[in-house]
Amino acid sequence: MEGARRTSIRGSLLMARLVLSSPTGFAGAVIVAGLLILSLIGPVLAPYDPYKQDMSERLMPPSWEHPFGTDQLGRDILSRVLYGCRISLSIALLVVAISATIGLLLGLVSGYFGGLVDEALMRVTDLFFAFPRLILAMAVAAALGPSIINTMLAIATVSWPVYARLVRACVLQVRNETYIEAARAIGAGHVRILFRHVLPMVVHVVLVQATLDLGSIILLAAGLSFIGLGAPPPTPEWGLMVSEGRLYIRSQWWVSTFPGLAIMISALGFNMLGDALRDAFDVRLGR
Amino acid sequence: MSSPLLEVRDLIVHFYTREGVVKALDGVMLSVGRGEIVSLVGETGSGKTVTALSIMRLLDHNARIVRGEVLFEGRNLLQLSEEEMRRIRGREISMIFQEPKSALNPVLTVGFQLREALEAHGEEGEAALEKVLSMLRRVGLPDPERLVNRYPHELSGGMAQRVMIAMALLMRPKLLIADEPTSALDVTVQAQILELIQSLVREMNTSVLFITHDLGVAAEISDRIAVMYAGVVVEQGNVYDVFEEPLHPYTRGLLAAIPRPGRELMAIEGEVPSLLNPPSGCRFHPRCPAVMEVCKRVKPRLVEVEPGRLVACHLYGGE
């Protein structure tokens, strides 16, 4: 229905205004937008080939020629950070897409049908929550071997339970609403009810969690790479770059610092945007 | 009435809760004829809604239908598969609820939800929209073309209940179960809604099971009336007969508890019993002014004292 679409566009605009009106939301949105743009056009902006080594230029401090300096193999750090943006963001977005979808589906089923399925599923998530996320991810990544795809698989494996739990809790609230009963009373089947009536009520929770999660997934991916369980060299991955520079941190600070800053800024950006989104939804629900 | 449209026979429903087994329905007997409006009256917790949900097979997971039959056009609904039952809901039997605004999904437009009632039974497209619009007109809602794009929060309680009625009657069901449809509405709106239901079902020859705790409303709308107490139908009959000459002591008490000017208000002594541990024999016996020794031991059966006039009380049983 066209009117419905128009109203939902109006709703989205309202949400955007609410998010942007808070300082952190605005800052977060700017950072995230910047990251997205850089990951699209970063390779064009990069002044050098990120893989090109030049031993005569190794460990040069920041200069006009190399604004972020060069690393132990003489590669331009600015170029590598710019290329790394695309890698980190792709990992984060893909992982979130995979784990949020899995968690959402399992949470919907678990919360809506309850019973044994629910009980079994929730014990499985308990198992995941019993370990720190990084430790579990390390175990999975170590078992799969270092590559970017495996990093993503490892992080997705340990990320979906949060979504499943969150969605389930939300579904439990929605399930007993009269409109669900009313939908059943007109002869709607379970699938129709789950996707048309329950799903729209839990999407916002997933959205907020996903935004907040993007930041921590970037950290997690960087962490895995840092300890050698993530992207293999010579990938321009931020965590790996920090790791490679740590030998020189006392004398050649720039090797680790710039990719480290990139990690920090992107994690911060997603967190601020996520917080603002959550607040915006709260305002809307509390009104 | 040769065979009634709906016949509930000896329906026993238990709820399994943390505190124990709640014996919510204890052998409910009820019938609704074709084109007839039957009111199911009783206090909160007497099992009216549970009866309705049992007929629709929409009880929660923790409920068990222990025994009984729900015969709809001769078919026992309790033996149908979930898919067969789904096809009956909305098409043959539909339901409206007490809180019309919470019976509409807040994030979906009115039109979307109305069309869904048709889509669930395979009717889609332009024709479905046309049907929705004409139904909205029939329930007295102005400007249906704009209304379909509205969200539930933009509607008043009365409008929302009209929408619900439209939704319930879209598929021209044979039976409409109305669970306290006017209790949450203002008195003036209440009267309009009652009138609307009455005229629409007469037009469509739909039977109604009208659940209410308001005897005034029941007297207004129904052909027949069934009185429930603590999970049992204690009396059933033509609405005039029951109001003129109530047979069961509980019905008498209930009618005496309606405030009228110039008459002293009579309250029924005691409290509604806990259904976790209901009284033995007749469930009303601890509060009954005419209690006899047999009432404590034997549960009275619903017997026909006159044609169409049933009561479950040892005063009339002769057993």
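As a convention, each chain's residues are numbered from 1 in the sequence order in which they are written. For naming, the first written chain is A and the first written ligand is 1, with later ones following in the order written. With the structure being a predicted model, the display of local features is reserved for residues of pLDDT at least 70 and the display and counting of side-chain atom pairs for 80 or more, all residues being used for whole-chain, interface and lining totals. No hydrogens and no water enter the side-chain calculation; it runs on all heavy atoms of the structure.

Let's talk about the overall build of chain B
Part 1 of the argument: For helices the rule is a DSSP run of H or I covering at least 4 residues; for strands it is a run of E covering at least 2, with both sets numbered from the N terminus onward. Counting its secondary structure elements, chain B contains 11 helices and 12 strands.
Part 2 of the argument: Referenced to the eigenvectors of the C-alpha coordinate spread, the extents of chain B come out at roughly 65 × 50 × 45 Å.
Part 3 of the argument: In what follows, residue pairs with any heavy atoms lying within 4.5 Å of each other are defined as contacts. When contacts within chain B are restricted to residue pairs at least 6 apart in sequence, those whose partners lie at least 24 apart make up 66%.
Part 4 of the argument: Areas reported as accessible are Shrake-Rupley estimates using a 1.4 Å probe. Residue values count occlusion only from the protein chains shown. Carbon and sulfur atoms provide 50% of the accessible area of chain B, an area that totals close to 14,100 Å².
Part 5 of the argument: Positive charges come from Lys and Arg, negative ones from Asp and Glu, while His and the chain ends are left out of the count. The atom standing in for a charge is NZ when the residue is Lys, CZ when it is Arg, CG when it is Asp and CD when it is Glu. The average position of the 35 basic charges and that of the 42 acidic charges among the side chains of chain B differ by 3 Å.

Some words on the domain arrangement of chain B
Residues and elements named next belong to chain B.
Part 1 of the argument: The domain architecture assigned to chain B consists of domain 1 (6-103 + 174-276) and domain 2 (105-154).
Part 2 of the argument: Where a domain begins and ends is set by an automatic assignment or by a domain database. Taking only C-alpha atoms into account, the centre of domain 1 sits 28 Å from that of domain 2.
Part 3 of the argument: Across the contact, 11 residues belong to domain 1 and eight residues belong to domain 2.
Part 4 of the argument: Each partner contributes to the roughly 720 Å² buried at the junction of domain 1 and domain 2, and carbon and sulfur atoms together form 50% of this total.
Part 5 of the argument: It is Lys-101, Leu-196 and Leu-200 in domain 1 that bury the most area against domain 2; as a group they hold 45% of the surface buried on that side.
Part 6 of the argument: The rule for a salt bridge is simple: a side-chain nitrogen of Lys or Arg has to be within 4 Å of a carboxyl oxygen of Asp or Glu. At the boundary of domain 1 and domain 2, one finds one salt bridge.
Part 7 of the argument: Between Arg-138 and Glu-203 there is a salt bridge, with the nearest N and O atoms lying 2.5 Å from each other.
Part 8 of the argument: By the criterion applied in these results, polar contacts are pairs of N or O atoms within 3.5 Å in which, for protein atoms, one can donate a hydrogen and the other can accept it, and in which residues neighboring in sequence qualify only through two side-chain atoms. The interface formed by domain 1 and domain 2 holds three residue pairs in polar contact (both at pLDDT 80 or more) in total.
Part 9 of the argument: Where the side of domain 1 that touches domain 2 is concerned, the elements lending two or more residues are helix H2 (82-88) and helix H7 (187-204).
Part 10 of the argument: No other element matches the four residues that H7 contributes to the side of domain 1 that touches domain 2.
Part 11 of the argument: Throughout this entry, Asp, Glu, Lys and Arg are counted as charged residues, while Ala, Val, Leu, Ile, Met, Phe, Trp, Tyr, Cys and Pro are counted as nonpolar. The remaining residues, Gly among them, count as polar. Across the side of domain 1 that touches domain 2, the residue classes tally to four nonpolar, one polar and six charged. What gets called buried area is simply the loss in accessible area from a 1.4 Å probe that two parts show on being joined, summed for both.

Thoughts on the layout of surface pockets
Picture a little ball the size of a water molecule; that probe, rolled over the atoms, points out where space is still empty.
Residues and elements named next belong to chain B.
Part 1 of the argument: Of the pockets and cavities examined, the second largest pocket occupies roughly 900 Å³.
Part 2 of the argument: Both site types are read off a 1 Å grid over the protein atoms alone. A 1.4 Å probe that fits but cannot get out defines a cavity, while an open set with protein on both sides within 12 Å along at least five of seven lines defines a pocket; lining residues have an atom within 4 Å of a point. As for the second largest pocket, its lining consists of 23 residues, of which Leu-58, Leu-59, Asp-60, His-61 and Asn-62 are closest to the centre.
Part 3 of the argument: Tallied by class, residues from the lining of the second largest pocket come to 11 nonpolar, four polar and eight charged. Grid points are joined across faces, edges and corners, and a volume is the space filled by probe spheres set on the points.

Quick notes on helix H9 (residues 238-245) of chain A
Residues and elements named next belong to chain A.
Part 1 of the argument: A 1.4 Å probe rolled over the protein chains alone gives each residue an accessible area, and that area as a share of the maximum for its type sets the label: buried under 20%, exposed over 50%, partly exposed in between. For H9, a buried count of eight out of eight residues is recorded, marking the element as mostly surrounded by other parts of the structure.
Part 2 of the argument: Of all the positions in H9, only Trp-238, Gly-239, Leu-240, Met-241, Val-242, Ser-243, Glu-244 and Gly-245 are classed as buried.
Part 3 of the argument: The N-cap residue of H9 is Glu-237: its side-chain oxygen and the backbone nitrogen of Gly-239 are 2.7 Å apart.

Some thoughts on the sheet that holds strand E4 (residues 63-72) of chain B
All names here are of chain B.
Part 1 of the argument: By definition, two strands form a pair when at least two bridges between them are found by DSSP. The four strands are arranged E2-E1-E4-E5 in an open sheet whose pairing can be described as antiparallel. Lying at the two open borders of the sheet, with one neighbouring strand each, are strand E2 (20-32) and strand E5 (75-76).
Part 2 of the argument: Pairing of strand E1 (residues 6-17) with E2, which is carried by 10 bridges, proceeds in the antiparallel orientation. Note that in E2 the partner of Val-13 across the bridge is Leu-25.

A look at the sheet that holds strand E7 (residues 175-179) of chain B
All names here are of chain B.
Part 1 of the argument: Strand order across the open sheet formed by eight strands is E6-E7-E8-E3-E9-E10-E12-E11, with mixed pairing between neighbours. The strands lining the two open edges of the sheet, one partner per strand, are strand E6 (93-96) and strand E11 (303-306). Each strand of the sheet is rotated relative to its neighbour by a mean of 20 degrees, with strand direction disregarded.
Part 2 of the argument: Across six bridges, the pairing between strand E9 (residues 224-229) and strand E10 (residues 232-238) is antiparallel. Pairing of Tyr-229 across the sheet is with Val-232, part of E10. Note on geometry: axes are lines fitted to C-alpha atoms, helical ones only across the stretch in contact, with angles between N-to-C directions running from 0 to 180 degrees.

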